[in-house]
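Fold and contact review
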Amino acid sequence: MTEISVHTLSMLAPPDDVDTVHDMLESVWSSAPQISLRDRFSFETALIELASNVIRHADGGEGVSCALTVEITADRIVASLTDSGLAGNISLVAPSMPGELEESGRGLSIIHALVDEVDYDRCDDLNHWRISRNLES
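First, a word on what this report is: a plain description of the structure on this page. Note that the coordinates shown come from a computational prediction; the quantities given were computed from them, not determined experimentally.

**With respect to the overall build of the chain**
- Scanning the chain from terminus to terminus reveals 3 helices and 5 strands.
- Along the chain direction, N to C, the helices and strands of the chain fall in the order β-α-α-β-β-α-β-β.
- The buried share among the 137 residues of the chain stands at 38%.
- Counted over contacts in the chain with a minimum sequence separation of 6, partners at least 24 positions apart contribute 62%.
- Put simply, the chain shows about 8100 Å² of open surface, and 49% of that area lies on carbon and sulfur atoms.

**Brief notes about the environment of glutamate 136**
- Among the structural elements, glutamate 136 can be located in the segment after strand S5 (126-134).
- Residue class for glutamate 136 comes out partly exposed when judged on its relative accessible area of 41%.
- Sequence spacing of glutamate 136 and arginine 38 is 98 residues, and the spatial spacing of their C-alpha atoms is 8.5 Å.
- If we skip the residues at most four places from it in the chain, glutamate 136 touches Ser36, Arg38 and Asp39.
- Only 3.1 Å separates the side chain of glutamate 136 from the side chain of arginine 38, close enough to count as a polar contact.

**A closer look at the nonpolar core**
- Val21, Phe43, Leu47, Leu68, Val70 and Ile131 are the most contacted members of the largest nonpolar core, which totals 33 residues.
- Where this core is concerned, the elements lending two or more residues are strand S1 (5-13), helix H1 (18-30), helix H2 (37-57), strand S2 (64-72), strand S3 (76-83), helix H3 (107-114), strand S4 (117-123) and S5.
- A per-element tally of this core places H2 first, with 7 residues.

Scoring rules and cut-offs
- Residues numbered from 1 in each chain as written.
- Predicted model: local features only at pLDDT ≥ 70, side-chain atom pairs only at ≥ 80, totals over all residues.
- Heavy atoms only, no water.
- Helix = DSSP H or I, 4+ residues; strand = E, 2+ residues; numbered from the N terminus.
- Buried < 20%, exposed > 50% of the residue type's maximum accessible area, 1.4 Å probe, protein only.
- Contact = heavy atoms within 4.5 Å.
- Areas by Shrake-Rupley, 256 points an atom, 1.4 Å probe, with all protein chains shown as cover.
- Polar contact = N/O pair within 3.5 Å; in protein donor to acceptor, adjacent residues only side chain to side chain.
- Core = buried A, V, L, I, M, F, W, Y, C linked by side-chain atoms within 4.5 Å.

Below is the structure:
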């Protein structure tokens, strides 16, 4: 039987921010020493980018409530992030980097480069994000 490790976090931004997610991931990594540094760095960078984008762009002025679950199995790591923020005009199809002089618009491209799957859905006034990375053997 495959062992699964599940870690959860509920936060409200503000006052919580990406440091809250970093703190959670420290706990995740300490309980999963088998995960390579490359997988850790890639997944953490993608998740922090996602959380930062949610905090920055989904807040309609009343803060954003988020529920984050990180699940580790023998061959992958998955994060599910649900937030109460504004609905976004999100397209996950073939994101590309903006021009070099553009100051924003790189987030989804960076996330796609670092993980194997990125999913987004809007349901019941909530944004549902899911990212996953297959672990190195």
